[in-house]
Each structure stands twice: as structure tokens, then as C-alpha cells.
Amino acid sequence: MLRLYATVAAGGFRRHATYRVATVAGVFTNSVFGFILSYTYIALWDERPMLGGYSMDDALAYVWIGQALITVCGLMGGGFEDELIERIRTGDIAVDLYRPADLQAWWFSANAGRSAYQLLGRGVAPMAIGALVFRFTLPSGPGAWLAFLVAVALGSVVGFAIWYAVAMSAFWLLDGQGVVQVAWLGGLFFSGMLLPLNVFPGTLGEVARLLPWASLLQVPADVYLGRYQGRALAGAYAFQACWALVLLGAGRMAQAAATRKVVVQGG
Amino acid sequence: MPFIELDTVEKIFTVRRKTGLIRREKREVRAVDGISFGVDRGEMVGYIGPNGAGKSTTIKMLTGILTPTGGRLRVAGIDPARERTRLAQRIGVVFGQRTTLWWDLPLKDSYRLMHRMYRIPDARYRENLDRCVDLLDLEELLDVPVRQLSLGQRMRGDIAAALLHDPDVLYLDEPTIGLDVVSKARVREFLRDLNTTHGTTVLLTTHDLTDIEQLCSRVMVIDHGRLMYDGELAGLHAVGESERLLVVDLERELPPITDVPGARFVRSEGPRQWLAFPATASAAPLVAAVAARHPLLDLSVREPDIEAVIAKMYGGTREERRESLM
Amino acid sequence: MADSLRTYRMVAGMWIRSTMTYRASFALTVFTSFCVTFFDFVVILLMFGQVRGLGGFSFAEVALLYGLTGTSFGIADLTMGSLQRMGKRVRDGSLDTFLMRPAPLLAQVAADKFALRRFGRVAQGLMVLVWALVLLDVAWTPVKVLLLPMTVVCGAVIFAAVMVLGASTLFWMQDAAEVTNSFTYGGNTLLQYPPTIFAQELVRGVVYVVPLAFVNWLPALHILGRPAPAGMPDAAAFASPLVAAVCCAVAGLAWRAGIRSYRSTGS
């Protein structure tokens, strides 16, 4: 069974690797946004040095980490939910449900492959470009890079869990666009992609840092910047893992209910 | 002068293929390689060939979507590539595998859009719609969202949509694909009627030889971008030496039937046996002969597969293609 | 032109009716679309919660820039936003169906999947614009007053032309759709901030190469009584209609070339 999922993951990786033009286009776009955001952050940190506890170099690193992780962690869409929703809408999902493989595990594997490709194809290049143009903070050593990668992997799992649960709503809402938009909104704002969550004021900031979207960018970025060490690092991972489990569980429950529904309706 | 006229029409695509990391190789693909034919007004012609033979490229040139690389092409006196939108008023197109109807809206809404987009005069629109609704039995379906229609219902809906503006030519691409027997029969009956009473010229591409058999007096076969055959269907069978299959269900398992003249035993599976006979021969005497000599429960006649006919007709050519694709 | 507008109205009308069949989802998407753009502005509010000025511009001045580009971009996105999804139509061959109809292709593609929910962005842009006008302390002259609606309209036309230009490239490269986002969404983000915070090379590019500066920067700087960027004369504030016309001409030529290429290669 594990072999099957490994094959599915490899397929997800290869499938995205074939879109080379799209990858280059994506890197270009991420870099353009990186530039624009960098200049706004420079203006902001010029006025308020050490805002949110970040130095200017930290803030710039944050910008480019954000651009690198957009597709990896599904900040603005998981990259698979449209396809899944379309299958639900057209009823093709019935075929998937009768497969011997578990639906969620199947899509999870495919997404893991996609995510891995996006990290290599669309994550590395913008960060390299950003690092060349703007001098920003780099992790202290291989250990710090590794810690960052673990946080990214967990973030990608949370991202998958969010978008999978969102896609499941299409079983009941037929046109899942409304829910997708809400999730998109959450991702955009509460992931901290526009502005780091530790710059958010008061209660808004406290709440934002507890929501699942914080796992996608804020936590990996803080791990990158070395703000978590030792037990705190374990705590950060645990935060991500908790959200991953809760949301994956929610997706499973929705899937189970939907399966009953499909079976009762006969597809 | 023929209504549809092609004179040594060519369409050459340049395909760029990656051969290394950066190196690219340019290769010319002759999708349509000098085709000439004419179709008279009111004819109903089957246009067949294996996948990738150049069928859809031809149709795309006839509708003006693609500009030919060479040769002359006229539909209703119009050069399709030059006057695509003017030609659009004169032609109707139905794709079996792609609906042009609005998925979430009632069927009649799609028709209303056609009415306005094609600027069909009100009286004529009413008349055409009524006729299609009547003949295609759409009355009950007009208020149903398209997504709730069955495949057969949707196909009927699509055919009606293509006819509301009274086209002189109708292009049908696999109009019966995926349909059940009843729906197929209904679609064919409608097309036959349209052709005889309305004089609409019909060009039909299909994989189902029964479509051709029941509708077209003339068939054109295209392969490798060239016209390989143009004539009656019977002639195609003769050229291709194609065979039909008689499927016989006997009362019990029996030894192979070899004593019926003109039939060749193919295989058996329990009480069921398959017998082949020339496609040009009539099935009736054969059935009588089998029934006279064996305890018969049920039987059916299978038409030869179009790919098989063409494969037989041109022997090695398909194998070559397969190799060249590898 | 009249034919195009007629076609656009017909097709857009069908899509509006289609959306209305999923009422709950539609209400949700209108709401979230509004929120998405609202949160976009919240970021600027949060920034100004931390600082008094950005690049020497006050909150009201930044709000004017934001309101102008937001409204223009909203209008362009509402009417032409579907163009970025044309790549799918080219790839799966459904564009052929459009080409077989006796109606202009651009109008059919632009109205394809018309989404009324995108009006939320226009509404939000207008609200910020009004807010800015209330806050601003400007000596209004008739010329400055007239400059406002002209800027909004010309800005929308410039953005729309960029979208058409971007869509034209899809005839050759269907996977490069994201590059257009750099200039549309990216341009909109860039123009929300004052030109003073960006590197001069970037500003010059936006003035002379991709003339997005004419969407709002040049007219707004004139209204605010500030010097034009990148060595432009002050009169450039009134050049937006001319720039918009040139953009349309370029986009129109690119579109024609795109169709011609599509009809000869069929891919």
C-alpha cells in the first residue's frame, strides 16, 4: 500500500515538473511581488526599526520566504482543490471513491509530490534572486536549514489539510467557489503573507498567531530566523502538527459523510 | 459547382521537439496532404479515418478556424479562412464529446442565446425551434438544466442548438458516441429526415460504421492526410474485404458451427458462437441456414469496426504509424 | 465595436444567470470578494498604525493612490479578468467553439465565466477613494476635479489593455499566464504605494517601459502638488488618455497576431 502512495507522490512530482514554462512564469511573478513587497517593507522598517522584533534584514528574509512558500504550503490555494472540486461537481469522484486506495491518502500523496517539486522549482529560485539583490538574514548553519525544512514540510501538510477540507464542501455546496474564496482570504491575510503576524496589533495579532494559517508561513519563517530554539522549536512543531491532525481529521469526517451521501444517491 | 469544394488542400504544422536540454528539432507534419473533393448540396457524406488521420484538421479548415497552408477551399462560395464569421451563419457544428450548451441553465436559455447571437429573425427562430423540439422530442427538457440531462438528451439538445439558424451545412463529429441504442436510432432518424426534407448538406465523422451505413450514400476515407477512398460504402467493404459478425446463442454448448456456407467460425464461449461473413453479403440466408441446422435461442449481427476495415484496407500502414509514434 | 459590446452583454448575462443558480455560493463569493480586497487595505491601515508616513506620504495621500488604482484595476478585472483563464480554453480546444460563432472572439473570451462577484473590488476601491478625498487637504481646482474620473477610466483601460496583451501571449504559451499577473495584480500592488519608496530603476520601468505609472501615479501626484517621478514633466499628468490609446493599439495588434498564429498552428 505504501508503495502505491509513493508512486502517486512521484507522479505528482513529475506531473508538475513537466510544466517548465509555468514554473519559470511563476518564479518571475513571485520575484516581481518579492521586489514590490521588499520596497514597502524597507519603507516601513526605515520608519520603525525592529518592528515586530524583526530587523530590516529579517523582514526582507521574511518577504522572500513568503514568495518561496506560496505554492509549497498552499498560501493562496493548494493547487489541487480546483481539480478535486471539479471531480466532485461532475460526479467523477464516484469512480475515485470505489478505488481500493483511500481518497484522502491518495490526494495527500499526490500533493506531497507537487509540494516537493514546488519547493525545488519555485521556492529556491526566488529566494536566490532575493538574496542576490537584497542582503537579508540567512540561517546560521546546516542545522538551522534543516529545522526550517521540517517546519516547511509540516506547513505543507497543514496547507493540504486546509484545502482538502475546503474541497470536501463541494459535496454539499455543488459550486464550491464561495468556500474556496473564504479559505483564500484566510490564507492571504492570516498566513502573514501581506504583513508578518507579529506586526498585527493586540488581540488581532494574538488570534492570528493561533490560527492554522500561522503554520504555513509565520512559523517556518520564525524557525528560519532562529527565533525558536530547543523546547520552543519543539513547541512550534507541535503547534503545526496539532493543526495538521485536527484539519486532516475534519477532512476525513467530511469525506466519510460525503461517501455515505454518494453511495446513497448512487453517484 | 459543388457546395463544398476542396482543391489540393494542404495543412502543414511545424512541430518543435526537444531533442536535448536546449536543442530543438523542427519537423514538418503534413496533417492534410493535398486533399481534393467536392460535396454537392444536399449530400450526406461520411468522413472517416483513424485517429490523427487529418479528419478534424479538415473540419477545422472547413469552418475557417484553421487557415490552409496551400490549396483552394470553398464552402457555399465562401473562403472560410477569409470570412469566418460570415460563414458561421451558414454552418452548424456538433461535437459529440463537447457540448456547447450552458451547463447550469435550462436548455431553452442556450437556445435563446443562439437566437440572439446568430441574429435569427423571430419567426424563423420559432419555426425552427418548434420543428426541432417536435422531432427531437425536447418539449419536456426545455426547462431542465443541462447538467441534469442524460448523454442522449444532451446530444439531441446540442443538435437542435446547431440547427436553429438554418445552416446549409452541418458538420457532425462523432454524434452518436457514448449513446445507447435507442438514442442512437433517434439521432440517426432525425438526421435522415433533416437531410431529405430540408436538403441540409451533412458531413459526418464517426467511428461507428452503422452511422455511415444508415445515413450516408457516400463515404470518404482519409489516412495519413490523404484521401484513400471516395465512393459508396459497399465499395469500401469490397476493397477492405471487411467482415460482419453473426453472434449466435445456442441452447447449449455445441461443437463449432462449420456447416453453414459463406460463414467462417471465429470463436466460441460456452453456448455462444461468433461467425464471420462478408460485409457485402446479406445476413438473412445465413441466419436461416443456422436456424435450420442448430437449436437457436438468440442472435445478433455486429458491424465491422471502422478501424478494422481501414486497417485491413491498407495493411501495413497503421503499423508503420504506430512505430513512427514511438 | 458595437458587435463586441453586444456579444459581451449576451455572454456575460448567461454567466450571471448561471451563477445565480447557486445562490448561497454566490452570496458568499460576493461577500468574500469584498473582504479579500478589504483585508488588502487593512494591511495599509496596519502599517499606518505603526508609522505616520510612508516614503514621505501621509495616510490620506497613500489612500488616494490606493483608491485610484484599486477602482481602475477593479473595473478592468471585472470586465476582462476572465482573459487570464483563456489558456485552458486554448489547451482543451474549446476555443474552437468560440471561433465557429458569428461573434468577435475577444468579446466572447472576455465575457467567458463573467463573475459579478468581482464587483466587490470596484466597490472597495471606490470606498477608499472617497475616504481619501474626505481626508485630503487639497486646493481643488476644476481641472483637478475633472482629472479624477478621467484617471479612473484611463487607468481601467490601461489595465484592460495589459490583460488583453497578456492573453495574446497565451496563443503561443498557454502556461505563461502567471506572468500577466505580475503586471496586473503586481502593478496594482505597486501603484498603491508612493513612487518614492521604490528603487529609481523600477519607477523608470513603470513610467517608460510598461506605462502603469499613468494609471494613477502621475495624475495623483499632480493633484497632490508633488513633482512627477522619473524626470517626467508635470503635464504628463494629463497624458493618461494618450497612453491608454497607445496601450489599446498595441494590445489590439498583439491579439490579432495571436489569433493569426492560432489559426495557422492550431495549438
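Residues numbered from 1 in each chain as written. Chains lettered and ligands numbered in written order. Predicted model: local features only at pLDDT ≥ 70, side-chain atom pairs only at ≥ 80, totals over all residues. Heavy atoms only, no water.

Peer 1: Before we move on, could you go through the overall build of chain B and cite the residues and values that matter?
Peer 2: Of the regular secondary structure elements, chain B holds eleven helices and 13 strands. Long-range pairs, those at least 24 residues apart, make up 70% of the contacts in chain B with a sequence separation of at least 6. With the model as given, the accessible surface of chain B reaches about 15,400 Å², and the carbon-plus-sulfur share is 49%. (Helix = DSSP H or I, 4+ residues; strand = E, 2+ residues; numbered from the N terminus. Contact = heavy atoms within 4.5 Å. Areas by Shrake-Rupley, 256 points an atom, 1.4 Å probe, with all protein chains shown as cover.)

Peer 1: Break down the overall build of chain A for me, with residues and values.
Peer 2: What chain A contains, in helices and strands, is twelve helices and zero strands. In chain A, the succession of helices and strands from N to C terminus is α-α-α-α-α-α-α-α-α-α-α-α. Scaling as 2.2 N^0.38, a compact globule of 267 residues should have a C-alpha radius of gyration of about 18 Å, and chain A matches this with 19 Å. By principal-axis analysis of the C-alpha atoms, chain A measures approximately 60 × 40 × 35 Å. Here chain A holds 267 residues, and the buried ones make up 55% of them. Long-range pairs, those at least 24 residues apart, make up 80% of the contacts in chain A with a sequence separation of at least 6. A total of about 11,100 Å² of accessible surface is found on chain A, and carbon and sulfur atoms cover 68% of it. Positive and negative charge centroids in chain A, built from 17 and 14 side chains respectively, lie 8 Å apart. (Rg over C-alpha atoms; globule rule 2.2 N^0.38 Å. Buried < 20%, exposed > 50% of the residue type's maximum accessible area, 1.4 Å probe, protein only. Lys, Arg positive; Asp, Glu negative; His and termini not counted. Charge placed at Lys NZ, Arg CZ, Asp CG, Glu CD.)

Peer 1: An account of the packing of helix H2 (residues 23–50) of chain C against helix H7 (residues 119–135) of chain C is needed here, citing residue identities and associated values.
Peer 2: Residue and element names in this part refer to chain C. At a closest axis distance of 7 Å, the pairing of H2 and H7 adopts a crossing angle of 35°. For the pair H2 and H7, the sense of crossing is right-handed. Of H7, the residues touching H2 (which contributes Ser-33, Phe-34, Thr-37, Phe-38, Phe-41 and Leu-45) are Gly-120, Arg-121, Ala-123, Gln-124, Met-127, Val-128 and Trp-131. Of the residues contributing to the contact of H2 with H7, the split by class is eight nonpolar, four polar and one charged. (Axes fitted to C-alpha atoms, helices over the stretch in contact; angles between N-to-C directions. Left-handed = near helix turned anticlockwise from the far one by under 90°. Nonpolar A, V, L, I, M, F, W, Y, C, P; charged D, E, K, R; others polar.)

Peer 1: Tell me what's going on with the interface of chain C and chain A, and back it up with residues and numbers.
Peer 2: With 36 residues of chain C at the interface, the matching set in chain A holds 37 residues. Both sides of the chain C and chain A interface together cover about 3,400 Å² of buried area, and 75% of this is carbon and sulfur. At the boundary of chain C with chain A, the tally comes to one salt bridge. A salt bridge links Arg-122 of chain A to Glu-178 of chain C; its shortest N-O distance comes to 3.0 Å. Listed by contribution, the elements that provide at least two residues to the side of chain C that touches chain A are H2, helix H9 (177–183) and helix H10 (185–191) of chain C. (Buried area = accessible area lost by both parts, 1.4 Å probe. Salt bridge = Lys/Arg side-chain N within 4 Å of Asp/Glu carboxyl O.)

Peer 1: Can you break down the nonpolar core residue by residue, with the values?
Peer 2: If you look at the biggest cluster of nonpolar residues, it comprises 255 residues, and the most contacted ones within it are Val-75, Tyr-111 and Tyr-171 of chain B. If one sorts the elements of this core by residue count, helix H7 (residues 142–168) of chain A sits on top with 13 residues. Discounting chain neighbours no more than four positions away, the residues touching Val-75 of chain B are Phe-3, Ile-4, Leu-62, Pro-80, Leu-87, Ile-91, Val-169 and Tyr-171 of chain B. By size, the runner-up hydrophobic cluster in this structure holds twelve residues, among which are Ile-257, Phe-277, Ala-283 and Leu-286 of chain B. (Core = buried A, V, L, I, M, F, W, Y, C linked by side-chain atoms within 4.5 Å.)

Peer 1: Go over the sheet that holds strand S11 (residues 264–269) of chain B with me, naming the residues and quoting the values.
Peer 2: Residue and element names in this part refer to chain B. Ordered by their spatial adjacency, four strands build an open sheet running S11-S12-S10-S13, and the pairing between neighbours is antiparallel. Bordering the open sheet on either side are S11 and strand S13 (296–302), each of which pairs with just one other strand. Strand-to-strand, the axes of this sheet are offset by a mean angle of 20°, without reference to chain direction. This element, helix H9 (residues 284–293), spans strand S10 (243–250), strand S12 (272–278) and S13 of the sheet and lies at about 25° to S10. (Pairing = 2+ DSSP bridges.)

Peer 1: An account of the domain arrangement of chain B is needed here, citing residue identities and associated values.
Peer 2: One can read the domain layout of chain B as domain 1 (4–238) and domain 2 (243–303). Taking the mean C-alpha position of each, domain 1 of chain B and domain 2 of chain B sit 37 Å from one another. (Domains from an automatic or database assignment.)

Peer 1: Which residues make up a nonpolar patch on the surface, and what are the values?
Peer 2: All names here are of chain C. A contiguous nonpolar surface patch, about 350 Å² in accessible area, is contributed by Leu-165, Leu-242, Val-246 and Val-250. No other element matches the three residues that helix H13 (residues 240–265) contributes to the nonpolar patch. As for its position among the elements, Leu-242 is in helix H13. (Patch = residues over 30% accessible without salt bridge, like charges linked within 9 Å, V, L, I, M, F, W, Y side chains within 5 Å.)

Peer 1: Before we move on, can you summarise the sheet that holds strand S7 (residues 201–205) of chain B with the specific residues and values?
Peer 2: All names here are of chain B. If you trace the six strands from one edge of the open sheet to the other, you get S5-S6-S7-S3-S8-S9, paired in mixed fashion. Sheet topology places strand S5 (91–95) and strand S9 (226–231) at the edges, where each strand pairs with a single neighbour. The sheet shows a mean angle of 15° between the axes of neighbouring strands, taken without regard to direction. Here strand S6 (residues 169–173) pairs with S7 via five bridges, running parallel. If you follow Tyr-171 over to S7, its bridge partner there is Leu-203. Strands strand S3 (44–48), S6, S7 and strand S8 (218–223) of the sheet are contacted by helix H1 (residues 55–62), whose axis makes an angle of about 150° with S7.

Peer 1: Kindly report on the environment of Ala-12 of chain C, identifying the contributing residues and their values.
Peer 2: All names here are of chain C. On the secondary structure map, Ala-12 appears in helix H1 (residues 2–20). The buried category is assigned to Ala-12, whose relative accessible area is 6%. A C-alpha to C-alpha distance of 5.3 Å links Ala-12 and Phe-114, two positions 102 residues apart in sequence. In contact with Ala-12, not counting residues within four places along its chain, are Ala-111 and Phe-114.

Peer 1: For the packing of aromatic side chains, give the residues involved together with the corresponding values.
Peer 2: By convention here, two paired aromatic rings are described through the distance between centres and the angle between planes. As enumerated under the stated definition, the model contains 36 aromatic pairs over all chains in all. Taking the centre distance of 5.1 Å and the plane angle of 75° together, the rings of Phe-148 of chain A and Tyr-224 of chain A count as edge-to-face. Here Phe-148 of chain A, found in helix H7, pairs with Tyr-224 of chain A, found in helix H11 (residues 218–224); they are 76 residues apart in sequence, far enough to count as distant. An aromatic cluster is present here, built from Phe-35, Tyr-39, Trp-64 and Phe-134 of chain A together with Phe-198 and Trp-217 of chain C joined pairwise through their rings. The ring of Phe-95 of chain B carries Arg-98 of chain B above its face, with NZ or CZ at 5.3 Å from the centroid. Arg-226 of chain C extends its terminal NZ or CZ atom over the ring of Phe-57 of chain C, reaching a point 3.9 Å from the ring centre. (Phe/Tyr/Trp six-rings, centres within 6.5 Å; stacked < 30°, edge-to-face > 60°. Lys NZ or Arg CZ within 6 Å of the ring centre and 35° of its normal.)

Peer 1: How would you summarise the pattern of salt bridges if you had to cite specific residues and measurements?
Peer 2: Residue and element names in this part refer to chain B. Under the counting rule described, the total for this entry stands at 36 salt bridges over all chains. Note that Asp-168 and Arg-41 form a salt bridge whose closest N and O atoms lie 3.1 Å from each other. Taken as a pair, Asp-168 in the loop between helix H5 (151–163) and S6 and Arg-41 in the loop between strand S2 (24–39) and S3 lie far apart in primary sequence, 127 residues in all. Residue classification places Asp-168 among the buried residues on the basis of a relative accessible area of 17%.

Peer 1: An account of the environment of Ala-27 of chain C is needed here, citing residue identities and associated values.
Peer 2: Note that Ala-27 of chain C resides in helix H2. With 55 residues separating them in the primary sequence, Ala-27 of chain C and Ser-82 of chain C have C-alpha atoms 20 Å apart.

Peer 1: Describe unusual backbone geometry, and please don't skip the residues or the numbers.
Peer 2: Positive phi values are uncommon outside glycine, yet Glu-174 of chain B reaches one of about 50°. Residue placement: Glu-174 of chain B occurs in the loop between S6 and helix H6 (181–198). The class of Glu-174 of chain B is buried, set by a relative accessible area of 6%. A positive phi angle, near 55°, is found at Ala-230 of chain C, a position not held by glycine. Along the polypeptide, Ala-230 of chain C turns up in the loop between helix H12 (217–223) and H13. Overall, Ala-230 of chain C belongs to the buried group, its relative accessible area being 16%.

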